[in-house]
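# Understanding the architecture of this molecule
As a plain string of letters, each chain reads:
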Amino acid sequence: MSDALSFMEEDLTCIICCDVFTDPVTLKCSHSLCSECLQRFWTTQEEPQCPVCRKKCSSDEPTKSLAFRALCETFKTRKPTAVSGDVCPLHQETLKLFCFDDKKPICVVCYTSKKHENHKCSPVKEAAGNLKEQVKEKMGRLEVTLADFKKAHESCVEEAELIKEHTSVEESKIKKEFEKLYRFLREEEEKRIGALRKEMQNRDEKLKARMEDLSAQMSDLSERTATLWKHLEAENITFLQNYRDALKKFKHPSSPDLTPEMEEFQHHPIQTLIFTTWARMQNLVEQPPVTLDPDTASDKLRVSQDCTSVQYMQNKIKVSDIPERLYVGVLASEGFSSGLHCWDVEVGDNDHWTLGVVGETVNRKKLYKMDPMRRFWCFRYVDGRYKKGHKPARDIDDDDDDDERPSIIRLQLDFYKGQLRFIDPFRNRILCSYEGGFPERVFPYFCTGDLSTPLNVFPANQQQQ
């Protein structure tokens, strides 16, 4: 029906005003025009002629046809009902313009009204062409973002597979070693595997949650893209009428991180795991060497694979927040509640270090003043000054006889005497000491804030051989 009306409108349209004839007249050449349009055209000519074929007209032209006029008037009254989408609902005029301020098509009467005064408007065809190009450009950016989400999702899938492989390999190693150690070590085996699976499960859950989020955003973007394609394929008027709603679908999501930072796997030799477990069995290991426990290291300290060195990192390391982990520093694997113990620490040119022992029951999630009242017995070197806990160590800083800093600090712990000494082994001098005993089991403590020089731990005298 609309196509038939469209063809009929072409036959009833004046070539001068491009609208359905008003008070139509017909020339002898059979061409019809609006009476007013024809008279206006003839005022621009030296002699009357047809605007269509340029044939000269005589004085008895044009002629009016009441039937033709009635037909045009009838068509005008019926046209809005037949093609309502192309007609202004307020003025029953054809929608020939598009208002960029209000983002909707309007008629000529709307354009001349106060409501659209000083608004930027263009013909429907021109506006539709320009806006479709803008929509295509924005859709291109959305499609690029969708591709980024797909890449991020694929990265998560690969990471999930790596986690599964890593879990399987670690379980095999742990089971193989623990088979050597009878009932006590079998209990330790279950505990270690449980901790490993819990850590891997937490990571896997995080990845699954991220994958689900990416999938949801991908689905949303796909649906929005499909809807926008439908808008682009629609007729110009329909497209422009829905343009405001289409703009809402261009809310641009933030691009996903294509290489999300994942928690780093803490690879430590299996023998270190076995030793730290074995050390918990009293009287089986006599005077074990001091080694570092990676599970206690704070998130800016990296423990070496052989657990004898600790390095300060500029950026935080992704580690699980387990109860054993310190807020600052790292502890040895084995604590002492009796006997005489001695270990050396190579500080070298490190200009920010702390050494000593810490009580077993200290709150590991807080930062305390380092003094015996808070179960910290520490010796420090910070900003070119030695400190006993948080107080200056005046005897060392005021010593002008030897300006060379010791590169090795020996810690000598006599639990029975309640004594802890910090010694320069090469000059055989005591740098700092604590007396008065220890109310509980203590663990060797280490901390560094120097990016360039790590702290290295040795059994006493080994580095001098």
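Relevant structure appears above.
The structure reproduced in this document is the subject of the present report. (Residues numbered from 1 in each chain as written. Predicted model: local features only at pLDDT ≥ 70, side-chain atom pairs only at ≥ 80, totals over all residues. Heavy atoms only, no water.)

We now examine the sheet that holds strand E3 (residues 63–64). If you walk across this open sheet you meet the 3 strands as E2-E1-E3, and the pairing is antiparallel. Both outer strands of the open sheet, strand E2 (32–34) and E3, are each paired with one neighbouring strand and no more. Both strand E1 (residues 24–26) and E2 contribute to a ladder of 3 bridges, which runs antiparallel. Paired with Pro24 across the strands is Cys34, a residue of E2. (Pairing = 2+ DSSP bridges. Helix = DSSP H or I, 4+ residues; strand = E, 2+ residues; numbered from the N terminus.)

Okay, the nonpolar core next. Phe98, Leu131, Val135, Phe239, Leu240 and Tyr243 are the most contacted members of the largest nonpolar core, which has 37 residues in total. Elements with a minimum of two residues in this core: strand E4 (97–99), helix H5 (124–178), helix H6 (182–233), helix H7 (236–241) and helix H8 (243–248). Among the elements that take part in this core, H5 stands out by supplying 14 residues, more than any other. Ignoring sequence-local partners within four residues, the contact set of Leu240 consists of Phe98, Lys103, Pro105, Val124, Ala128 and Leu131. Counting residues in hydrophobic clusters, the runner-up holds 35 residues, among them Cys307, Ala393, Leu413 and Phe422. (Core = buried A, V, L, I, M, F, W, Y, C linked by side-chain atoms within 4.5 Å. Buried < 20%, exposed > 50% of the residue type's maximum accessible area, 1.4 Å probe, protein only. Contact = heavy atoms within 4.5 Å.)

This brings us to unusual backbone geometry. Even without glycine at this site, Arg54 takes up a positive phi of about 65°. Its place among the elements puts Arg54 in the loop between helix H2 (35–42) and E3. When its relative accessible area of 45% is taken as the criterion, Arg54 is described as partly exposed. One non-glycine residue, Lys103, lies in positive phi territory at about 55°. Checked against the element boundaries, Lys103 lands in the loop between E4 and strand E5 (104–106). Classification of Lys103 by relative accessible area gives partly exposed; the value is 30%.

A separate point is the sheet that holds strand E6 (residues 121–123). Taken in spatial order, the 3 strands make up an open sheet running E5-E4-E6, and their pairing is antiparallel. The sheet is open, and its two edges are formed by E5 and E6, each paired on a single side. Neighbour to neighbour, the strand axes of the sheet diverge by 35° on average, direction disregarded. For E4 and E6, the ladder comprises 3 bridges, and the chain directions are antiparallel. Residue pairing for E6: Cys99 is matched across the bridge by Cys121. (Axes fitted to C-alpha atoms, helices over the stretch in contact; angles between N-to-C directions.)

For the rest of this paragraph, the subject is the packing of aromatic side chains. Considering all chains together, one arrives at 13 aromatic pairs under this definition. Between Phe336 and Trp343, the ring centres sit 6.0 Å apart and the planes meet at 35°, which makes this aromatic pair tilted. For Phe336, a relative accessible area of 5% gives the class buried. Measuring from centroid to centroid gives 5.3 Å for Phe379 and Phe422, while their planes differ by 45°, and the two rings are tilted. Taken together, the positions of Phe379 in strand E12 (residues 376–382) and Phe422 in strand E16 (residues 419–424) put the pair 43 residues apart, joining distant regions of the chain. Take Phe379 and Phe422: they sit in the same class, and that class is buried. Three or more aromatic residues joined by ring pairs make a cluster, and in this case those are Trp353, Phe379, Tyr381, Tyr386, Phe422 and Tyr434. The lysine or arginine in question, Lys120, covers the ring of Phe100, its NZ or CZ lying 5.3 Å from the ring centre. (Phe/Tyr/Trp six-rings, centres within 6.5 Å; stacked < 30°, edge-to-face > 60°. Lys NZ or Arg CZ within 6 Å of the ring centre and 35° of its normal.)

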